[in-house]
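# Reading the structure
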Amino acid sequence: MYRNAWLFLSTSIILCRVDAQTPSWFSNPPDDPDFHHGTALISVKESNYIDKADNLALVQLSKQISIYVKAESQRDVKEKDDIAKSTYRNSSKIVSISEIPGAEKIDSFQDKDIYYVYWRLNKKKHDETIEKNKRIVLRNYQQYKKVKPRDISSKLSYLIPCFESIERSIGVEFEDPDDPVVDLRVEVPKLIYEIVSEIELN
């Protein structure tokens, strides 16, 4: 009996110690609906542990954004066109990136063993960024299609900013307005690769 009581007391002390050392935003993750949240922890024994923790938290953010964007896209299609919903397919994938435009590093905490970090992203500002990126992508892609076949420099001047804006738009689908079957997430990097390969051959 005394042994069980002592075990219970020891366990309680350890749990209290761990809880006291853990940041509140990690033990009780924020649920503010106006933001996407990303938290992470990592051993301080890891090399470059701060950068690794930041990346883990940003990847968590990217997953939330992908789920959010996909849900909003599906809802919009259903609300606007009941016929379209039967053929609509969201093929967006979760993208692991080292930086998300607009993401803020809110806090970090380190004890002798563990490093904790908390990032968040304002949903409204992110939606505005997405809309801006959509305009940039479509404008540049349309301009690219007007370029003369041998004008490589002009082609790249439109395709590269197009690609950069696509990469900043996690979870968003981009289609060729003239041919919805063409996925610009696939088509644009393929076109850049083909142009660069042609330059290297020459």
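Reference entry: report on the structure contained in this document. In this text the structure is predicted, and so the values were computed from the model without any measurement.

Looking only at helices and strands, the chain features 7 helices and 5 strands. When its helices and strands are written in sequence order, the chain yields α-α-β-α-α-β-β-α-α-β-β-α. Scored against the burial criterion, the 202 residues of the chain give a buried share of 33%. Once local pairs closer than 6 in sequence are excluded, the contacts in the chain between residues at least 24 apart make up 65%.

Now for the nonpolar core. With 17 residues, the main nonpolar core has Y141, L159, I166, L184 and V188 as its most contacted residues. Counting residues per element, the ones that place at least two in this core are α5 (123-144), α6 (152-167) and α7 (184-201). In this structure Y141 touches C162, D176, V182, L184, E187, V188 and L191, once residues within four positions along its chain are discounted.

Summarising the element assignment, I65 is placed in helix α3 (residues 49-80). Separated by 107 residues in sequence, I65 and V172 have C-alpha atoms that sit 9.4 Å apart. Setting aside chain neighbours within four positions, we find I65 in contact with H36, I100, L121, H126 and I170.

The next point concerns the packing of aromatic side chains. All chains considered together, the criterion is met by 5 aromatic pairs. Judged by centre distance (5.7 Å) and plane angle (25°), the rings of W25 and Y118 are stacked. Taken together, the positions of W25 in helix α2 (residues 24-27) and Y118 in strand β3 (residues 114-122) put the pair 93 residues apart, joining distant regions of the chain. As far as the burial class goes, W25 and Y118 line up, both buried.

Moving on to the pattern of salt bridges. The tally for this structure, following the rule as stated, stands at 9 salt bridges. With a shortest N-O distance of 4.0 Å, R120 and E104 are connected by a salt bridge. Taken together, the residues R120 in strand β3 and E104 in strand β2 (residues 104-110) connect sequence positions 16 residues apart. Accessibility expressed as a relative area gives 23% for R120, which makes it partly exposed. For E104, a relative accessible area of 38% puts it in the partly exposed group. For E187, the salt bridge is made with K190, and the minimal N-O distance between the two is 3.4 Å. Taken as a pair, E187 and K190 lie in helix α7 at a separation of 3 residues, close to a single helical turn. A residue is classified by how much of its surface remains accessible, and K190, at 40% relative accessible area, is partly exposed. Beyond isolated ion pairs, a larger network of salt bridges with shared partners links K145, D176 and D178.

Rules used throughout
- Residues numbered from 1 in each chain as written.
- Predicted model: local features only at pLDDT ≥ 70, side-chain atom pairs only at ≥ 80, totals over all residues.
- Heavy atoms only, no water.
- Helix = DSSP H or I, 4+ residues; strand = E, 2+ residues; numbered from the N terminus.
- Buried < 20%, exposed > 50% of the residue type's maximum accessible area, 1.4 Å probe, protein only.
- Contact = heavy atoms within 4.5 Å.
- Core = buried A, V, L, I, M, F, W, Y, C linked by side-chain atoms within 4.5 Å.
- Phe/Tyr/Trp six-rings, centres within 6.5 Å; stacked < 30°, edge-to-face > 60°.
- Salt bridge = Lys/Arg side-chain N within 4 Å of Asp/Glu carboxyl O.

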